[in-house]
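Secondary and tertiary structure notes
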Amino acid sequence: MTATAPALGLSLLGGDPDHTALIADGTRLDYAELCDRVMRRRDELGDVRRLVMIAAGNAVEPIVTYLAALEGGHPVLLVSGDDDEAARAHRASLIARFDPDVVAHDGVSGWTLDERRAGSRHEFHPDLAVLSSTSGSTGSPKLVRLSAENVRSNAAAIAEYLQLTPADRAATTLPLQYCYGLSVVNSHLLTGASLLLTERSVADEEFWRRARTHAVTSFAGVPYTFELLEARGFDGRDLPSLRYLTQAGGRMAPDAVRRFAHLGRERGFELFVMYGQTEATARMAYLPPDLAMTHAGAIGRPVPGGAFRIDAVDGAESGELVYEGPNVMMGYAHGPEDFPLGRTVTELRTGDVARLRTDGLYEIVGRMNRFVKVFGLRLDLDRVEHLLADEGIEVRAASADERLLLFATSQRAADRARERAAALTGVPARVIGAHAVTEFPRTSNGKRDYAALVRFAAAHERSPAALRPTDPAVVTAETVRDLYATLLGEPDAGIDDTFAGLGGDSLSYVELSLRLEEMVGALPRDWPTRTPRELAASASPLQLPVTNTESEAAPAAAAATSVMRPWRRRFSWTRLETPVVLRAAAIFVIVATHADLFALKGGAHLLLAVAGYNLARFQLAPAPGTARLRRLGRSATQLAVPAVLWIGAVALVTGQYAPTTVALLNNFVPGDGRWNEQWQFWFLEAMLWSFAGAAALFAVRRIERLERRAPFGFALVALAVALTARFAITGPTAEYVERYSAPVVLWLVVLGWLVARADTTARRIVVSVVAVAATFGFFGEPWREAIVAGGILALVWVRAIPLPRLAVPLVVTVAGASLFVYLTHWQVYPPFEQSAPWLGTLLSFVVGVIAYRLYVSAGAGAAVGWAWLRRATAPVSLRLRRA
């Protein structure tokens with residue numbers, strides 16, 4: 001039917017027979033075993049050339065099938081093997097368009113070859129080896145046609161400049177169907193090196209355990225991978241076998257390149273920054289690691305065997321970057337009719353605008369399709385984005401129908417961008433479209449999706465009401481971001497920020513969690529570390545701007561199905577996160593007991609454990625650099641400022657409190673061991689000095705790195721230390737004011753911290769046992785101990801507590817205002833203690849809530865004013881720096 005293709009699979013296996021080739025969960029294959037499995041799979045696929053689609057994953061079977069298909073001369077189409085809706089839809093569209101003969105996938109009973117027909121209905125060119133998707137999941141799919149020579153030559157070039165040897169072992173941190181991920185597999189197998197097959201993220205502790213166990217020497221990443229590395233404390237990781245990192249898949253900020261290059265010099269690994277496209281099989285250029293510190297903005301030099309030229313116009317310094325080399329694709333396939341075609345291109349016009357620097361390195365300065373003519377003026381859209389970024393406005397710029405289109409994540413920013421763009425470019429404002437979008441879209445391979453923005457603009461201008469992102473019936477990344485900005489006092493919050501990253505704490509957590517649950521439904525336990533983009537995606541199938549051709553009626557349909565009738569919603573039940581309910585219950589028990597409404601002690605000590613739980617979730621959430629120290633400082637300030645202001649004001653008016661109490665230093669004053677009014681704020685002191693202690697601890701980089709590597713183990717050791725201090729000071733049972741001393745109650749804060757780090761059932765069991773053992777005997781009062789232990793066990797095992805929806809606003813208000821209720825109630829309830837304890841209790845909450853609302857309003861106003869001042873002065877300071 002078609003000419004025989006050259007066998008490629010076994011020629012990619014360059015290792016000694018007894019040398020390890022692949023390591024996976026419970027499996028280790030040497031090259032001899034891998035060859036045997038490849039040959040058996042080749043026989044299963046048959047001798048007639050067929051199109052083999054592989055639902056890929058970083059596992060043994062997909063790689064064996066890939067190599068077997070190549071060895072048998074079968075063209076291979078690699079697609080994502082993920083089971084999410086988007087991946088399934090993408091596979092279905094490719095099957096419908098390209099009609100594979102065999103679909104290999106992970107089925108119910110294991111790896112399966114689904115033969116859709118005995119032979120093939122397609123004709124193939126003899127050189128065709130691999131079909132690789134380049135357009136992602138949007139638009140009309142087209143495939144890149146790669147030959148056996150393309151694959152082999154690029155693998156050899158990569159192996160040469162990386163200096164790969166059989167001693168190297170790479171972890172598969174990228175998808176196999178991604179040309180970058182596939183190039184890692186090809187280049188390592190070609191040189192006889194080995195691969196650690198894993199689907200785990202670099203944010204997963206298990207990834208690092210396996211990397212250390214199997215002495216991984218390298219892994220690859222896109223820019224987002226390196227963001228995760230910094231956020232998860234990569235600079236503190238102990239991986240002595242690491243020889244190099246590679247980065248591609250988009251431009252990484254030069255500052256980040258320099259940081260990782262500098263870290264590599266300190267730790268003994270190299271950073272290779274690379275440039276490529278699917279159309280060049282994978283790689284076209286690399287930046288030698290010794291130049292990464294000093295030339296971080298360049299893509300470097302061509303890979304071995306390749307060459308660049310710059311097609312400049314009219315003597316310009318820059319022009320389109322054109323690549324020639326044996327790895328340039330045969331051409332595109334828009335459908336099966338293109339499979340028999342031979343080479344239709346001999347060079348690759350990259351579409352990137354580049355310049356050759358005086359140091360001999362190439363640098364990308366823009367995109368060819370980013371130059372447009374608007375109102376008779378030739379504009380570089382990338383330059384427009386950069387100019388507006390200098391003005392403090394993040395936008396995406398596109399063009400359609402000789403109009404400039406600007407997109408920002410709020411209408412206010414979009415309108416300001418239009419005004420400034422008109423002034424900076426000379427384009428009249430009337431031909432500049434300004435659009436607010438829910439988020440800046442990206443294609444499936446993480447690149448900016450300008451086509452989706454243009455489609456959005458067209459649809460929005462046809463029917464603005466239908467797609468307005470602020471429609472209350474539609475949850476979008478922007479609406480979630482706006483909620484963050486309002487409740488956290490962060491006007492500049494972005495859709496990729498997180499509650500923890502913005503400095504959110506237990507004060508703002510309560511109200512925000514409730515409002516979020518109203519928007520998106522039940523919240524995941526880790527929502528404080530998720531972005532508005534991720535939370536909005538979990539709430540609604542509608543994401544604007546759309547990235548595929550959906551019906552314009554979709555928003556209305558989503559609205560109709562997502563809103564419950566008001567009267568039914570009001571009388572329904574909902575679930576509120578356990579820390580919120582415990583916080584409200586504990587402050588109620590504290591105030592009611594103090595006001596003699598009833599006698600039920602233990603609320604304040606339970607509240608310490610809840611505070612420790614929140615400390616671990618928010619202030620100690622993973623973050624790069626010194627972000628955790630800044631969060632701790634901010635939280636300490638948010639606690640200390642209102643406390644000192646209130647206690648100080650009361651002291652000035654009544655003389656009731658000593659200066660050491662006003663300054664929250666009562667723990668440092670020698671006493672007679674008896675309770676007095678100076679101890680009323682012991683709880684706040686305990687929390688403040690817990691923040692201070694944590695900050696001092698994590699200011700030591702070695703300790704901070706240790707906690708990042710083993711968060712549960714670190715918290716467990718910290719609890720052991722805190723309990724040792726408690727027993728050393730008080731013995732098994734704390735007496736009188738010992739129960740309120742910061743060093744004695746610190747163990748409750750650390751116990752809450754440990755609860756937050758207990759992420760498996762086994763760990764939760766351990767924490768439960770420790771909690772019960774540590775609590776009983778502390779007061780010598782079983783009921784009091786039962787309240788504390790029961791609350792902690794609920795924190796461990798119960799994620800959310802059912803409540804009537806009518807009760808939720810009250811519970812949330814009380815929990816959110818708990819600090820201010822605690823502060824003020826000492827002055828509110830005493831006049832009613834004997835005559836009307838219920839009134840004293842009620843008024844304590846009324847006054848505390850009012851104080852909380854006033855303080856939050858004042859703080860939000862100050863934050864907005866400060867943000868406005870920063871934006872107003874930014875251009876001036878920028879000009880001063882340039883001068």
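Below is a short write-up of the structure. Since this is a predicted model, take the numbers as computed values, not measurements. (Residues numbered from 1 in each chain as written. Predicted model: local features only at pLDDT ≥ 70, side-chain atom pairs only at ≥ 80, totals over all residues. Heavy atoms only, no water.)

So, about the overall build of the chain. Looking only at helices and strands, one finds 30 helices and 27 strands in the chain. Expressed as a percentage of the 883 residues in the chain, the buried residues total 53%. Sequence-distant contacts in the chain: of pairs separated by 6 or more residues, those separated by 24 or more amount to 69%. Per element, the accessible surface of the chain, about 37,600 Å² overall, is 58% carbon and sulfur. (Helix = DSSP H or I, 4+ residues; strand = E, 2+ residues; numbered from the N terminus. Buried < 20%, exposed > 50% of the residue type's maximum accessible area, 1.4 Å probe, protein only. Contact = heavy atoms within 4.5 Å. Areas by Shrake-Rupley, 256 points an atom, 1.4 Å probe, with all protein chains shown as cover.)

Let us look at the environment of Gly-816. With respect to the helices, strands and loops of the structure, Gly-816 is situated in helix H28 (residues 808-816). On the basis of relative accessible area, Gly-816 is assigned to the buried category, the value being 3%. Note: C-alpha distance between Gly-816 and Arg-853 (37 residues apart in sequence) is 9.7 Å.

Attention now goes to helix H4 (residues 148-162). The end-to-end C-alpha distance of H4 is 21 Å, a good match for the 21 Å that 15 residues give at a rise of 1.5 Å each. Most of H4 sits out of view: 11 of its 15 residues are buried. Positive phi appears at Gln-163, one or two residues downstream of H4, with a value of about 55 degrees. (Expected span 1.5 Å × (residues − 1).)

Before going further, it helps to spend a moment on the packing of helix H19 (residues 603-619) against helix H22 (residues 682-698). Between H19 and H22, whose axes approach to 11 Å, the crossing angle comes to 25 degrees. When the interaxial angle is binned, H19 and H22 end up roughly parallel. The element H19 and its partner H22 pack so that their crossing is right-handed. Residue-level contacts link Ala-604, His-605, Leu-607, Leu-608, Ala-611, Leu-615 and Gln-619 of H19 to Trp-682, Phe-683, Ala-686, Met-687 and Phe-691 of H22. Here the residues of the contact of H19 with H22 are counted per class, giving 10 nonpolar, 2 polar and no charged. (Axes fitted to C-alpha atoms, helices over the stretch in contact; angles between N-to-C directions. Parallel < 35°, antiparallel > 145°, perpendicular 65-115°, else oblique. Left-handed = near helix turned anticlockwise from the far one by under 90°. Nonpolar A, V, L, I, M, F, W, Y, C, P; charged D, E, K, R; others polar.)

What follows deals with the sheet that holds strand E4 (residues 76-80). Adjacent strands of a sheet form backbone hydrogen bonds with each other and so pair up, either parallel or antiparallel. Taken together, the 7 strands give an open sheet; going across it, the order is E6-E5-E3-E4-E7-E8-E18, and neighbouring strands pair in mixed fashion. Edge positions in the open sheet fall to strand E6 (110-115) and strand E18 (331-333), since each of these has one partner strand only. Across the sheet, the mean angle from the axis of one strand to that of its neighbour is 30 degrees, orientation sign disregarded. Both strand E5 (residues 102-107) and E6 contribute to a ladder of 6 bridges, which runs antiparallel. (Pairing = 2+ DSSP bridges.)

The tally for this structure, following the rule as stated, stands at 41 salt bridges. The salt bridge partner of Arg-200 is Asp-204, with a shortest N-O separation of 3.0 Å. Across the pair Arg-355 and Glu-317 runs a salt bridge whose closest N-O atoms are separated by 3.6 Å. Of this pair, Arg-355 sits in strand E19 (residues 348-356) while Glu-317 sits in the loop between strand E16 (307-312) and strand E17 (318-324), and the two are 38 residues apart along the sequence. On the basis of relative accessible area, Arg-355 is assigned to the partly exposed category, the value being 23%. Among the charged side chains, a salt-bridge network with shared partners connects Asp-235, Arg-628, Arg-701, Glu-704, Glu-707, Arg-708 and Arg-757. (Salt bridge = Lys/Arg side-chain N within 4 Å of Asp/Glu carboxyl O.)

Another point: the side chain of Ser-768. Inspection of the secondary structure assignment puts Ser-768 in helix H26 (residues 761-775). In this structure, Ser-768 is in contact with Leu-793, Val-796 and Trp-797, ignoring residues within four places of it in sequence.

Moving on, we come to the packing of aromatic side chains. Within the structure shown, the criterion is met by 33 aromatic pairs. Between Phe-207 and Phe-219, the aromatic rings sit 5.9 Å apart at their centres with planes inclined by 90 degrees, giving edge-to-face as the arrangement. With Phe-207 in helix H6 (residues 205-213) and Phe-219 in strand E11 (residues 218-221), this residue pair connects regions lying 12 residues apart in the sequence. For the pair formed by Phe-207 and Phe-219, the shared burial category is buried. Ring centres 5.8 Å apart and planes at 80 degrees place the aromatic pair Trp-208 and Phe-219 in the edge-to-face group. (Phe/Tyr/Trp six-rings, centres within 6.5 Å; stacked < 30°, edge-to-face > 60°.)

End to end, helix H24 (residues 711-730) covers 28 Å across 20 residues, agreeing with the expected 28 Å (1.5 Å per residue, within 8%). Within H24, burial applies to Phe-712, Phe-714, Ala-715, Ala-718, Leu-719, Ala-722, Leu-723, Arg-726 and Thr-730. Those residues of H24 that are buried are in contact with H22, helix H23 (701-709), helix H25 (742-757) and H26. In the segment just after H24, Gly-731 is the residue with positive phi, at about 80 degrees.

Here the focus is the environment of Leu-632. Relative to the elements of secondary structure, Leu-632 occurs in helix H20 (residues 627-654). When sequence neighbours within four positions are dropped, the list of residues in contact with Leu-632 reads Leu-615, Gln-619, Leu-620, Phe-691, Ala-694 and Ala-695.

With that settled, the discussion passes to unusual backbone geometry. Unusually for a residue other than glycine, Gln-163 sits at a positive phi of about 55 degrees. As for its placement among the helices and strands, Gln-163 is situated in the loop between H4 and strand E9 (169-171). Given the relative accessible area of 58%, Gln-163 is considered exposed. Even without glycine at this site, Asp-596 takes up a positive phi of about 65 degrees. Tracing the chain through its elements places Asp-596 in the loop between helix H18 (578-594) and H19.

The next thing to look at is a negative patch on the surface. Taken together, the side chains of Asp-82, Asp-84, Glu-85 and Glu-199 make up a negatively charged region of the molecular surface. Relative to the elements of secondary structure, Glu-85 occurs in helix H3 (residues 85-98). Judged by its relative accessible area of 65%, Glu-85 falls in the exposed class. (Patch = residues over 30% accessible without salt bridge, like charges linked within 9 Å, V, L, I, M, F, W, Y side chains within 5 Å. Lys, Arg positive; Asp, Glu negative; His and termini not counted. Charge placed at Lys NZ, Arg CZ, Asp CG, Glu CD.)

So, about the sheet that holds strand E25 (residues 432-436). Strand order in this open sheet of 3 strands is E23-E24-E25, and the pairing throughout is mixed. Edge positions in the sheet fall to strand E23 (396-400) and E25, since each has one partner strand and no second. Shown here is a sheet whose adjacent strand axes are inclined to one another by a mean of 25 degrees, direction ignored. Where helix H9 (residues 381-390) meets the sheet, its contacts fall on E23 and strand E24 (403-408), and the angle it forms with E23 comes to roughly 145 degrees. Strands in contact with helix H10 (residues 411-425) are E24 and E25; relative to E25, the strand with the most contacts, it is inclined by about 160 degrees.

In short, geometric facts, not functional conclusions.
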